[in-house]
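What follows is each chain in one-letter form.
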Amino acid sequence: MARVEFTRSGLQTCPGFVEQADGDAAYVQLVHMGFVHHVWLPMDRIKKQSLKPQGRH
């Protein structure tokens, strides 16, 4: 999850994926209001989570 401030809708929490990261910031892909966005965010605006592994059914 990433906290992103948009000009029209203000601060929003959006699901996203980190594509690239350095020590202080991460390049994140996210979808907001039906549009894909790519943004650099400070690490303190990103909540780290992992996808759960898929098991056999």
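Coordinates for the structure precede this section.
Residues numbered from 1 in each chain as written. Predicted model: local features only at pLDDT ≥ 70, side-chain atom pairs only at ≥ 80, totals over all residues. Heavy atoms only, no water.

Formed by Ala2, Val4, Phe6, Cys14, Ala26, Val28, Leu30, Leu41 and Ile46, the largest nonpolar core amounts to 9 residues. Broken down by secondary-structure element, the contributors of at least two residues to this core are strand E1 (2-6) and strand E4 (25-32). Contact partners of Ile46, with chain neighbours within four places excluded, come to Met1, Val18, Ala26, Val28 and Leu41. (Core = buried A, V, L, I, M, F, W, Y, C linked by side-chain atoms within 4.5 Å. Buried < 20%, exposed > 50% of the residue type's maximum accessible area, 1.4 Å probe, protein only. Helix = DSSP H or I, 4+ residues; strand = E, 2+ residues; numbered from the N terminus. Contact = heavy atoms within 4.5 Å.)

With that settled, consider the side chain of His32. Secondary-structure assignment places His32 in strand E4. Engagement of the side chain of His32 in a polar contact is seen with the side chain of Ser9, the distance being 3.3 Å. (Polar contact = N/O pair within 3.5 Å; in protein donor to acceptor, adjacent residues only side chain to side chain.)

Before going further, it helps to examine the sheet that holds E4. One open sheet accounts for 3 strands, arranged E3-E4-E5; its pairing is antiparallel. At either margin of the open sheet sits one strand with a lone partner, and together these are strand E3 (16-21) and strand E5 (35-42). Mean inter-strand twist for the sheet, computed between neighbouring axes without regard to direction, equals 25°. Strand direction decides the pairing type here: E4 and E5, joined by 8 bridges, are antiparallel. Looking across to E5, one finds that Gln29 is bridged to His38. (Pairing = 2+ DSSP bridges. Axes fitted to C-alpha atoms, helices over the stretch in contact; angles between N-to-C directions.)

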